[in-house]
Amino acid sequence: MKELTDRIKENGRVLGEGVLKVDEFITHQVDPELMDAMGKRLAEVFAEKKITKVVTIEASGIAPAVYAAQALKVPMIFARKSKSLTMDEELLSASVYSFTKQVTSTISISRKFLSADDNVLLVDDFLANGQAAKGLIELCQQAGADVAGIGILIEKSFQDGRQLIEDMEIPVVSLARIASLSDGQVTFLEEDA
């Protein structure tokens, strides 16, 4: 997606071999017009999949997931990284390791929001090692829901996340694919959509 790759070139910052900072428009401050365009693009790609729910993980996945869900006209659910006092019902839970934060979190979704009747599109901001996507897939499997695909804003193609998901036979569509972050430069592969 040209708008996204252009924005990464303009405002993204390489902080190291594996870290790309996009806090100016995705992960801290959000550009709603870009987010809307990305959500609509993911919705277009998965339009024929009869999606009933869009699922993501808090926090940076929420904005693109909302826009994708709005375009698909379905609810969006986000997995929480910590249990709130109001979450007293039966929970679907999985463990997720964050490469960027160097911490393992237990993510949860209330069982009442996800069921075997659902056909799910997972949406997230980054795909690196695939652990967040794997955790979300586990939650969907616990509910008996089908995962129709995964929509990613930025994929770090030099890491093994895509292969992990493809080995589960789940389609992955990334709007920007990064081949390398070497020498402080972002090198792109051709995106999926």
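Residues numbered from 1 in each chain as written. Predicted model: local features only at pLDDT ≥ 70, side-chain atom pairs only at ≥ 80, totals over all residues. Heavy atoms only, no water.

Visitor: For the UniProt feature "binding site: 5-phospho-alpha-D-ribose 1-diphosphate" (unreviewed entry) in the protein, give the residues involved together with the corresponding values.
Guide: Here the UniProt-annotated "binding site: 5-phospho-alpha-D-ribose 1-diphosphate" (unreviewed entry) positions come out as A128, N129, G130, Q131 and A132. Tracing the chain through its elements places G130 in the loop between β7 (119-127) and α4 (131-143). Leave out the neighbours within four places in its chain, and G130 touches G161, L164 and I165. Structurally, Q131 is set in helix α4. Ignoring any residue separated from it by four or fewer positions in sequence, one finds Q131 in contact with V96, Y97 and L164. (UniProt positions renumbered as here; feature names shortened; annotations may be inferred. Helix = DSSP H or I, 4+ residues; strand = E, 2+ residues; numbered from the N terminus. Contact = heavy atoms within 4.5 Å.)

Visitor: With reference to specific residues and values, describe the UniProt feature "binding site: xanthine" (unreviewed entry) in the protein.
Guide: Within this numbering scheme, the UniProt entry marks L20, T27 and K156 as carrying the feature "binding site: xanthine" (unreviewed entry). Residue L20 is classed as buried on the basis of its relative accessible area, which comes to 6%. Among residues more than four places away in sequence, those in contact with L20 are I8, G12, R13, V14, F126, I154, K156, I178, L181 and V186. Secondary-structure assignment places T27 in the loop between β2 (19-21) and α2 (32-45). Apart from residues no more than four positions distant in its own chain, T27 is found in contact with V22, S60, D125 and F126. (Buried < 20%, exposed > 50% of the residue type's maximum accessible area, 1.4 Å probe, protein only.)

Visitor: So, helix α1 (residues 2-11): which residues are in play, and what are the values?
Guide: L4, T5, R7, I8 and N11 are the residues of α1 that are buried. Considered in projection along α1, the buried side chains sweep an arc of 160° and stay on one side of the axis. Across α1 from its buried face, at more than 90 degrees, point the exposed residues K2, K9 and E10. Buried-residue contacts for α1 involve β1 (13-16), β2, α2, β8 (146-156), β9 (172-180) and β10 (187-189). (Arc of directions from axis to C-beta.)

Visitor: Go over the sheet that holds β10 with me, naming the residues and quoting the values.
Guide: An order of β4-β3-β7-β8-β9-β10 is seen for the six strands of this open sheet, with the pairing classed as mixed. The open sheet terminates on both sides in strands that have one partner only, identified here as β4 (76-79) and β10. Adjacent strand axes in the sheet meet at a mean angle of 25°, parallel and antiparallel pairs treated alike. Relative to β10, β9 runs antiparallel, the two being bridged by three bridges. Within the sheet, the bridge partner assigned to R177 lies in β10 and is L189. (Pairing = 2+ DSSP bridges. Axes fitted to C-alpha atoms, helices over the stretch in contact; angles between N-to-C directions.)

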